[in-house]
Amino acid sequence: MTASAPVTQDVITVPRKLPEGGRINLVGLTRDKLRAVLVENGTPEKQAKMRVNQIWQWVYQWGVRDFHAMTNLSKAYRAQLDEKFCIEIPEMVSRQISADGTRKYLVRIAGGHEVEVVYIPETDRGTLCVSSQVGCTLTCSFCHTGTQKLVRNLTAAEIVGQIMMARDDLDEWPQPGVGTGDAGPRLVSNIVLMGMGEPLYNFENVRDAMKIAMDGEGISLSRRRITLSTSGVVPEIGRTAEEIGCMLAVSFHATTDEVRDTLVPINKRWNIDALLAALRAYPSLSNSERITFEYVMLKGVNDSDADARRLVKLISGIPAKINLIPFNEWPGSPYHRSDWDRIEAFADIIYKAGYASPIRTPRGEDIMAACGQLKSATERARKSRKQIEAEAGLKET
């Protein structure tokens, strides 16, 4: 197995221009930005704070998209808003529902690009897996999304809009005058930034979207209900703690630099030692309870007893749990899932060392919605195994 995959794909993010005469989308604007655009477009300074609070609640607490339905605003002001602004979220192109209840949405954003979003229902909660990029900056060789080149970063509106779209589909917006929790457990109770893309290569947009999701007068998700997963963009890890403060997960997947260079090529830029140094600082910065180490189980690649013992030694001193992920195969994949008894033996070594080591139950495999399987439908043309191995930098030895 030879590592020759690129660390990242070179890309320049160009801000999208508003069409001439187009209305400004208020979704995705922070409170400060929302106040600024309202004032710039005719809202008196003295009224701006009140107007921000009113519009914010209508959009993010009640899910209202029509300015004319915002009944605590004057008719004249509603007409003024409707002329200058819009409230738009990504378009749901299709929805697939797995036998286990998992929902996978194909979502179309500005420019006609597509991303996938996954909702995973459980007895006491519901987790929405959100995308942060069209395609992915990285080229992780075991990941289906990584075979799709990065097109562009998603905007804050397109990221928080995925949450709003899922709440639309699940009919979860409360009625005005009804508290968020009065109707029972929330259907979208947890957000994981584990969909398409590397969130920390789109930091500002992800941060703004999560700030909106955490705002207590809107979607109102606790920061402990939001988990950001990174492949190891070391310079942004401390910033995540300071500016977002959510829970952190790391796509670790290997216990030596040689193997991780192939599985997660960003390791060639920031190796295991550099990554672990940043992680050791994270819990104290964000007051998080534990770092989650994600570890995909690949047959004959990273699943030996020696790997398990090295993993325990590497993370020593870091408050952590290890999520063991049985590999979810996809068309042309160069890897195979570890045998179940091998996964259990690996988990037992970690558990006996004092760490939680849950084995993640694969969800939505029948609709290609499981971890590592997401890929835009327009990019899902099946490549040959040889093509994928060549692009991933793999060859038999």
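Every value quoted in this text rests on a predicted model; they were computed, and no experiment measured them.

*Asks:* Looking at this model, I keep getting lost on the confidence of the model for the protein chain. Mind explaining?
*Replies:* Reading fine detail from the predicted coordinates is not recommended where pLDDT is low. Mean pLDDT over the protein chain works out to 85, with 81% of the residues at or above the 70 mark. Predicted confidence is poor over residues 1-7, with pLDDT under 50, and the contacts of this stretch with residues over four places away or in other chains come to 31 contacts. Taken as a whole, residues 369-385 scores under 50 in pLDDT and shows 60 contacts with residues more than four places along the chain or in a different chain.

*Asks:* Explanation requested: the packing of aromatic side chains in the structure shown.
*Replies:* The description of an aromatic ring pair uses the distance of the two centres, along with the angle that the planes make with each other. Inspection of every chain in the model, using the stated rule, returns four aromatic pairs. Between the aromatic rings of Phe-252 and Phe-293, the centroid separation amounts to 5.3 Å while the plane-to-plane angle is 90°, which identifies the pairing as edge-to-face. Linking Phe-252 in the loop between strand S11 (247-251) and helix H7 (257-263) with Phe-293 in strand S12 (residues 291-297), this pair joins segments that are 41 residues apart in sequence. Accessibility assignment for this pair places Phe-252 and Phe-293 in one class, buried. Considering the side-chain rings of Phe-327 and Tyr-335, the 6.4 Å spacing of their centres and the 85° angle between planes classify their relative orientation as edge-to-face. Residues Phe-327 and Tyr-335 agree in their burial class; the two are buried. Of note, Arg-51 hangs over the ring of Tyr-77, and the distance from its end group to the ring centre comes to 4.7 Å.

*Asks:* So what exactly am I meant to see when it comes to the pattern of salt bridges here?
*Replies:* Side chains that differ in sign of charge can pair as their charged atoms come close. Summed over the entire model, instances satisfying the criterion amount to 23 salt bridges. Residue Asp-208 is joined to Arg-207 by a salt bridge in which the shortest nitrogen-to-oxygen separation is 3.1 Å. One continuous salt-bridge network, built from bridges that share partners, spans Lys-33, Glu-204, Arg-207, Asp-208, Glu-236, Arg-239 and Glu-243.

*Asks:* So what exactly am I meant to see when it comes to unusual backbone geometry here?
*Replies:* Most peptide bonds adopt trans geometry, and most residues besides glycine take a negative phi value. If you check the backbone angles, Ser-220 has positive phi at about 60° while not being a glycine. Counting through the fold element by element, Ser-220 comes out in the loop between helix H5 (203-214) and strand S10 (226-230). With relative accessibility at 32%, the residue Ser-220 sits in the partly exposed group. A positive phi angle, near 70°, is found at His-253, a position not held by glycine. The topology assignment puts His-253 in the loop between S11 and H7.

Quick notes on the rules
Residues numbered from 1 in each chain as written. Predicted model: local features only at pLDDT ≥ 70, side-chain atom pairs only at ≥ 80, totals over all residues. Heavy atoms only, no water. pLDDT = per-residue confidence, 0-100. Contact = heavy atoms within 4.5 Å. Phe/Tyr/Trp six-rings, centres within 6.5 Å; stacked < 30°, edge-to-face > 60°. Helix = DSSP H or I, 4+ residues; strand = E, 2+ residues; numbered from the N terminus. Buried < 20%, exposed > 50% of the residue type's maximum accessible area, 1.4 Å probe, protein only. Lys NZ or Arg CZ within 6 Å of the ring centre and 35° of its normal. Salt bridge = Lys/Arg side-chain N within 4 Å of Asp/Glu carboxyl O.

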